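# Tertiary structure, described
Okay, here's what each chain looks like letter by letter:
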Amino acid sequence: MNALAPLSPAPLEPLHFRVVWLPDDTVRDVYVDGDRLGFEPVPGARTVATAGFALPGLVDAHCHIGIRRGPVPIESLDEARELARTDRDTGVLAIRDAGSPYPYPELVGEEDLPRLIRAGHHIAASRRYLRGIGLECEPHEAVAALARQAKLGDGWVKLVGDWIDRGKGDLAPSFEPEILTAAIHAAQAEGAKVAVHTFSEEAVACVVEAGVDSVEHGTGLAPDLLDRMAERGIALVPTMINIETFDDIAAGADVKFPRYADHMRRLKQGFPEVVRAAWEAGVSVYLGTDAGGGIDHGLAAEEMQLLHEKAGIPAADVVAASSWRAREWLGIPTDLGDLVVYERDPRADIAAAREPAAIVLRGRLLKAPK
């Protein structure tokens, strides 16, 4: 994909769009004046579009701009910038980075990057995660480690709740239930929200009971947990595009860990029904690609398509959950100067999300209609 044109150093000019504003499903005159979006006329605003369907940008709620293909930690801020711009150029204007081995607080607020919410460094069990990616801890270290990360991110932390246990030859929780629970509560006591990676049935049941803030992946969710999640406001970020890789993971494990391989295939096969059941139960389901490592950046529209076509969530709900509802969940105001315009209505054809016609970030016009 070609990168968008470099930002102009010229002063920002106010912009005008007459479009169907999707949060309201109404034709509106939308004005962007600096880093603010509103509906009152702004003198001198330049009209950019007089047709189309607009929303305040997509949100990738599970993304890793601190990890590149390998997976390998990035080695510079410029690498993180490049990955973030790849997402931005597809209409993703806000990112919750769900764990990074490379710290990059300098990038928060950078004018040509998506709005960033960092979750600090993943906390994982020793020798039970991707090498070099997580901050690996012994059980007696995990609670304090997650509490420390709560002070280093932007209000979120990331805990790896399970991974393959080579001794057992299958998925297993990273820590005993009392450790997982205590770590979640310790981070929350520091004012952070907790996102937990979990594939297995056992680990996800534990973290839901502990009151985690978001379940990442959640392939092992049982139906009886979904009402509990909805009641407690626990979100699900299913990263369906990642779960599509489970067959490849299983193929690589068949010889040494056949039970694990079979488990991963079964989890993948049943996952669309899990996501659909979660949505039907009233669980808030958000877009997340898990970009970084095994998943390329810039695939938010593909994740939206999976949520609609495989999980059966109505396109209108997918669009809302991938944009303004996710911003509200993450505390990102919807009146900031962010806007993406599509020529076609993505609620009628979810594939339209692949083709943004115009992109405005922090009041800057990055892409204009042809």
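Bear in mind the structure is a predicted one, so any value in this text is a computation, not a measurement.

Here we come to the packing of aromatic side chains. For the structure shown, the criterion picks out 6 aromatic pairs. Relative to Trp163, the ring of Tyr129 lies with its centre 4.8 Å away and its plane at 70°, an arrangement referred to as edge-to-face. Of this pair, Tyr129 sits in the loop between strand 11 (123-125) and strand 12 (135-137) while Trp163 sits in strand 14 (residues 162-165), and the two are 34 residues apart along the sequence. The residues Tyr129 and Trp163 share a single accessibility class, namely buried. Residues Trp163 and Phe199 carry aromatic rings whose centres are separated by 6.5 Å and whose planes lie at 25° to one another, so their mutual orientation is stacked. A residue pair is termed long-range when its members are at least 10 positions apart, and Trp163 in strand 14 and Phe199 in the loop between strand 16 (193-198) and helix 4 (201-210) qualify at 36 residues. We classify Trp163 as buried; its relative accessible area is 16%. Among the aromatic residues, those joined into a ring-pair cluster are Tyr129, Trp163, Phe199 and Phe246. Directly above the ring of Phe39 sits Arg28, whose terminal nitrogen or CZ lies 3.6 Å from the centroid.

Turning our eyes to something else, we now look at the pattern of salt bridges. In the structure shown here, the tally under the stated rule is 30 salt bridges. When the shortest N-O distance is used, the salt bridge between Arg88 and Asp89 registers 2.8 Å. Residue Arg88 is classed as buried on the basis of its relative accessible area of 4%. Each of Asp35, Arg115, Arg327 and Asp338 takes part in a single network of salt bridges with overlapping partners.

A separate point is the UniProt feature "domain: Amidohydrolase-related" (unreviewed entry) in the protein. Annotation from UniProt places "domain: Amidohydrolase-related" (unreviewed entry) at residues 54-339. With 40% helix and 19% strand, residues 54-339 has its two end C-alpha atoms placed 7 Å apart.

Attention now goes to the packing of helix 7 (residues 246-253) against helix 8 (residues 258-280). Where helix 7 contacts helix 8, the axes come no closer than 8 Å and their chain directions differ by 170°. With respect to their mutual orientation, helix 7 and helix 8 come out roughly antiparallel. Residue-level inspection shows Phe246, Asp247, Ile249, Ala250, Ala251 and Ala253 of helix 7 in contact with helix 8, the latter providing Pro258, Tyr260, Ala261, Met264, Arg265, Leu267 and Lys268. Here the residues of the contact of helix 7 with helix 8 sort into 10 nonpolar, no polar and 3 charged.

The rules we used
Residues numbered from 1 in each chain as written. Predicted model: local features only at pLDDT ≥ 70, side-chain atom pairs only at ≥ 80, totals over all residues. Heavy atoms only, no water. Phe/Tyr/Trp six-rings, centres within 6.5 Å; stacked < 30°, edge-to-face > 60°. Helix = DSSP H or I, 4+ residues; strand = E, 2+ residues; numbered from the N terminus. Buried < 20%, exposed > 50% of the residue type's maximum accessible area, 1.4 Å probe, protein only. Lys NZ or Arg CZ within 6 Å of the ring centre and 35° of its normal. Salt bridge = Lys/Arg side-chain N within 4 Å of Asp/Glu carboxyl O. UniProt positions renumbered as here; feature names shortened; annotations may be inferred. Axes fitted to C-alpha atoms, helices over the stretch in contact; angles between N-to-C directions. Parallel < 35°, antiparallel > 145°, perpendicular 65-115°, else oblique. Contact = heavy atoms within 4.5 Å. Nonpolar A, V, L, I, M, F, W, Y, C, P; charged D, E, K, R; others polar.

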